[in-house]
Amino acid sequence: MTISAITLGVRDLEHSLRFYRDGLGLPFPGIIGTEFTGDAENPGGSTAMLTLGSGLILSLYGRDDLAKDAGVTPDRVTGSGVSLGWFVESRGEVDEILERAATAGATMVRAPLERPWGIYAGYFGDPDGHLWEVVYFLPG
């Protein structure tokens, strides 16, 4: 099995796009699908998509549209029952990304620290509460 996309349901697509693109520096090209408007029954098509280096797509999609598309209530796509891992090449990069996230409006969830299983990592929450863990694997 190959997971091809991760879609984050967001309250405000423009705000989330600014957080990820302008705040974190991820190269999102912008919002697409705006010509597909939704209604009370059907989701709209506006989304922002970024293809990561591994080929995985990170998608930002309005929470209400995601709920309509999946056929669930909006509370089902609220909050964070998972964390997304962002692996980096150094301790300094962990610190830098967490600082950049905080400056962009993220909630600092856990300051970085060394764990006994060989990582240096910390957590932040994006504007919608999605958890991100920034991880550096310690040598050895």
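Residues numbered from 1 in each chain as written. Predicted model: local features only at pLDDT ≥ 70, side-chain atom pairs only at ≥ 80, totals over all residues. Heavy atoms only, no water.

**Comments concerning the overall build of the chain**
Piece 1. Of the regular secondary structure elements, the chain holds three helices and eight strands.
Piece 2. Starting at the N terminus, the α and β elements of the chain follow one another as β-α-β-β-β-α-β-α-β-β-β.
Piece 3. Here the C-alpha atoms of the chain give a radius of gyration of 16 Å, agreeing with the 14 Å that 2.2 N^0.38 yields for 140 residues.
Piece 4. Taking the principal axes of the C-alpha coordinates as reference, the chain spans close to 55 × 30 × 25 Å.
Piece 5. Relative to its full complement of 140 residues, the chain shows a buried share of 39%.
Piece 6. Contacts spanning at least 24 positions in sequence make up 48% of the contacts within the chain whose residues lie at least 6 apart.
Piece 7. If you sum the accessible surface of the chain, you get close to 8,000 Å²; carbon and sulfur atoms cover 53% of it. (Helix = DSSP H or I, 4+ residues; strand = E, 2+ residues; numbered from the N terminus. Rg over C-alpha atoms; globule rule 2.2 N^0.38 Å. Buried < 20%, exposed > 50% of the residue type's maximum accessible area, 1.4 Å probe, protein only. Contact = heavy atoms within 4.5 Å. Areas by Shrake-Rupley, 256 points an atom, 1.4 Å probe, with all protein chains shown as cover.)

**Comments concerning the pattern of salt bridges**
Piece 1. If you walk through the whole model with that rule in mind, you get five salt bridges.
Piece 2. Between Arg21 and Asp22 there is a salt bridge; the shortest N-O distance is 3.2 Å.
Piece 3. A residue is classified by how much of its surface remains accessible, and Arg21, at 30% relative accessible area, is partly exposed.
Piece 4. Linked by salt bridges that have partners in common, Arg11, Arg63 and Asp128 make up one network. (Salt bridge = Lys/Arg side-chain N within 4 Å of Asp/Glu carboxyl O.)

**Here we look at the nonpolar core**
Piece 1. Counting 27 residues, the largest nonpolar core has Leu8, Tyr20, Leu24, Phe28, Leu60, Phe124 and Trp132 as the members making the most contacts within it.
Piece 2. Discounting residues that sit within four places of it in the chain, Leu24 has contacts with Phe19, Trp86, Ile97, Arg100, Ala101 and Phe124. (Core = buried A, V, L, I, M, F, W, Y, C linked by side-chain atoms within 4.5 Å.)

**A look at the sheet that holds strand β1 (residues 5-10)**
Piece 1. Pairing within the open sheet is mixed, and its four strands lie in the order β1-β4-β3-β2. Two strands lie at the open edges of the sheet, namely β1 and β2 (31-32), each paired on one side alone.
Piece 2. Where strand β3 (residues 47-51) meets strand β4 (residues 57-62), five bridges bridge the pair, whose relative direction is antiparallel. Residue pairing for β4: Thr51 is matched across the bridge by Ile57. (Pairing = 2+ DSSP bridges.)

**Focus: the sheet that holds strand β8 (residues 131-137)**
Piece 1. Pairing in this open sheet of four strands is mixed, and the strands run β5-β8-β7-β6 from one edge to the other. Strands with a single pairing partner mark the edges of an open sheet, and in this sheet they are β5 (83-87) and β6 (107-115). When the angles between neighbouring strand axes are averaged without regard to direction, this sheet yields 20 degrees.
Piece 2. Of the strands in this sheet, β5, β6, β7 (119-125) and β8 are in contact with helix α3 (residues 91-104), which crosses β7 at around 10 degrees. (Axes fitted to C-alpha atoms, helices over the stretch in contact; angles between N-to-C directions.)

**A few points about the packing of aromatic side chains**
Piece 1. Enumeration according to the criterion identifies seven aromatic pairs in this entry.
Piece 2. With a centroid separation of 5.0 Å and an interplanar angle of 90 degrees, the aromatic rings of Phe19 and Tyr20 are classed as edge-to-face.
Piece 3. Judged by its relative accessible area of 2%, Phe19 is buried.
Piece 4. Tyr20 gets classed as buried once you look at its relative accessible area, which sits at 0%.
Piece 5. On the numbers, 4.9 Å between centres and 85 degrees between planes, the contact of Phe87 with Phe137 is edge-to-face. Of this pair, Phe87 sits in strand β5 while Phe137 sits in strand β8, and the two are 50 residues apart along the sequence.
Piece 6. Members of the aromatic cluster, joined through ring pairs, are Phe19, Tyr20, Phe28, Trp86, Phe124 and Trp132.
Piece 7. Directly above the aromatic system of Tyr120 lies the positively charged group of Arg91, at a separation of 4.0 Å from the ring centroid. (Phe/Tyr/Trp six-rings, centres within 6.5 Å; stacked < 30°, edge-to-face > 60°. Lys NZ or Arg CZ within 6 Å of the ring centre and 35° of its normal.)

Purely spatial values, then, with no claim about function.
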